[in-house]
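Single-letter residue listing:
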Amino acid sequence: MAVVEPSSSLEILVRGPEDFFIWNGPPFPSGEPGVKLDRVPCTSAKFSDDGSKLMVTKSDSVISIFDCKTLTEIRSFDVPNVLAAVISPCGTYLQTFQKCSSPQHKNVVLWKIENGESAYQLFQKNMTKVTWPSVHFSSDETVACRLATNEIQFFDPRDFSKGFVNRLRVPGVAALELSKAPGSYVAAFVPESKGMPASVQIYACGKDLQSQPVARRSFFRCSTVQLSWNSGSTGLLVVVQSDVDKTNQSYYGESKLNYLTTDGVHEGLVPLRKEGPIHDVQWSYTGKEFAVVYGFMPAMATVFDKKCNPLLELGTGPYNTIRWNPLGNFICLAGFGNLPGDMAFWDYREKKQLGTTRAELSVTSEWSPDGRYFMTATTAPRLQVDNGVKVFHHNGSLYFKKMFDRLYQVDWKPESVEKFGDIEDLVKAVDSVKIDEAKVPGKGSKATQAIPKATQAVSKAAQAVPKATPANPPAAKPAAYRPPHAKAAAVVQAELFGGSPSGELSKNALKNKKKREKKKQAEAASAAGGS
């Protein structure tokens, strides 16, 4: 596998309590990052998805837009009483939400960054995770829409003065998710109502194709959903979460992973091999595979292809997070939050584990745009102590560490993946993973990587899925928990009958056992002679 040459274009945004600055990304020639942009006062900062613009919110209700190439301010917006702001994926529009005073006051404004003028305004009573941002854009900004009562309203992203150019009637719709590039589909979530199950429906965004959904899936016991589109807009992963687990196995409720395709070929559950919650799911950059961390602890991690066939097992452990690097060749499997921070790094193409390490108390984690470095950070206000940032190599070895008195944010500047690798080679590498009849394990590396056909039973497919070989041997399996009274009873039993608390016989007990066996044999022989 060709190694990508180090790139000097990587940048890291670091924000403290009062300001932010931008580092030059790794590799660091002197062991320390160089400062590309020194401290700029702010209360928040956010890159556009394509990395072309940087939105900076200041304490005096002023929002500034920086050009990321020159790192200079190109536009400033004065928005009194602003409560939230978001920049569009390609950095074309700025969307702001102000504290509303009356319905006549249009408190949501869409600003055109190029000229600083208002492109669209509307009234919105409150702001939640579902209702904000009000106007949704596809990642290529070719489609724009907003959620309204019982319908989805579409705009022309090049000219919002036209108003709604199309309306999609979806009774009871409560949330939506536009597909990524190309933005050709929209997923609508309708919650349970009056005994009717909840559902997720996929509609084409073309004006002539919106009469009926191209795919649909219904769910009972559904409180919320998480919708995740792949690159290419061909598949949608739906994590269905219920507040109550009917089996009483989990305090946090029940979750299921569903998969829908825009061609209608697959509409159902992903065949997972272990019961328990869905901790995390992520698509690869190509959109041809997705990885899932699931099940009661120790959780299991599996990579599936776009037909829901298991491709690779990543083992089990204290994990709840998975991160696929932008080039699709490395995977980080980690356990953050209430877990101790164990991380396992995998080479997906070679199907092997590269190394393991630990990053305790990590709040955020992400691969660098070139896919060669993995960064974790401990930030406030989630944690008020031990704030800092760590950068690891792709194999898990620590490359850089820096501590801060108070750290609020650390982000890579987004970059186009095509800038760091040949995507055509990556797609060919993914397509070369053939799904064939399972062979007997142990007859070469190719045999251990064989995958069953989709037409076989799920149980046989699960048995034939290859398990990547870890670089480090797994630790010994811990013994089952035994309560104190059971341990005390074992000690008393050992004293009375000559055994040991661990279940092994002592020397005296073994000697007495042999005597008893010889005595029984002698009695049996004498009884046979008398008869």
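On a predicted model such as this, the values are computed, not experimentally measured, just so you know. (Residues numbered from 1 in each chain as written. Predicted model: local features only at pLDDT ≥ 70, side-chain atom pairs only at ≥ 80, totals over all residues. Heavy atoms only, no water.)

A. Region of the structure containing the nonpolar core. Counting residues in hydrophobic clusters, the biggest one holds 18 residues, and the most contacted among them are Val200, Ile202, Leu236 and Val238. At the level of secondary structure, the elements contributing two or more residues to this core comprise strand 17 (185-190), strand 18 (198-204), strand 19 (215-219), strand 20 (224-229) and strand 21 (235-242). Residue contributions to this core peak at 4 residues, all from strand 18. Excluding residues within four positions of it along the chain, Val238 makes contact with Val200, Phe219, Val225, Gln226, Leu227, Lys256, Leu257, Asn258 and Leu260. (Core = buried A, V, L, I, M, F, W, Y, C linked by side-chain atoms within 4.5 Å. Buried < 20%, exposed > 50% of the residue type's maximum accessible area, 1.4 Å probe, protein only. Helix = DSSP H or I, 4+ residues; strand = E, 2+ residues; numbered from the N terminus. Contact = heavy atoms within 4.5 Å.)

B. Broad picture of the side chain of Ser233. Relative to the helices and strands, Ser233 resides in the loop between strand 20 and strand 21. Residue classification places Ser233 among the buried residues on the basis of a relative accessible area of 2%. A polar side-chain atom of Ser233 sits 2.5 Å from the main-chain carbonyl oxygen of Pro182. Setting aside chain neighbours within four positions, we find Ser233 in contact with Ser179, Lys180, Ala181, Pro182, Ser184, Tyr185 and Thr262. (Polar contact = N/O pair within 3.5 Å; in protein donor to acceptor, adjacent residues only side chain to side chain.)

C. Spatial organisation of the packing of aromatic side chains. Taken as a whole and judged by the stated rule, the model has 26 aromatic pairs. Pairing Tyr120 with Phe160 gives two aromatic rings, centres 6.3 Å apart and planes at 40°, and the pair type is tilted. Here Phe160 lies in the loop between strand 14 (151-155) and strand 15 (166-169) and Tyr120 lies in strand 11 (residues 118-122), a separation of 40 residues in the sequence. In terms of burial, Tyr120 and Phe160 fall into one category: buried. (Phe/Tyr/Trp six-rings, centres within 6.5 Å; stacked < 30°, edge-to-face > 60°.)

D. Examining the sheet that holds strand 20 more closely. The strand order 20-21-22-23 describes an open sheet built from 4 strands, whose pairing is antiparallel. In this open sheet, the two strands that pair with only one neighbour each are strand 20 and strand 23 (267-269). In this sheet, neighbouring strand axes are inclined to one another by 20° on average, regardless of whether the strands run parallel or antiparallel. As paired strands, strand 21 and strand 22 (residues 254-261) are joined by 8 bridges and run antiparallel to one another. Bridge assignment links Gly235 to a residue of strand 22, and that residue is Thr261. (Pairing = 2+ DSSP bridges. Axes fitted to C-alpha atoms, helices over the stretch in contact; angles between N-to-C directions.)

E. Structural view of the sheet that holds strand 8 (residues 82-87). Within the open sheet, the 4 strands sit side by side as 8-9-10-11. Their pairing is antiparallel. Looking at strand neighbours, the two that pair on one side only are strand 8 and strand 11, the edges of this open sheet. For this sheet the average axis-to-axis angle between neighbouring strands, irrespective of direction, equals 15°. Sheet topology note: the strand 8/strand 9 (residues 93-98) ladder contains 5 bridges and is antiparallel. Residue pairing across strands places Val86 opposite Gln95, the latter belonging to strand 9.

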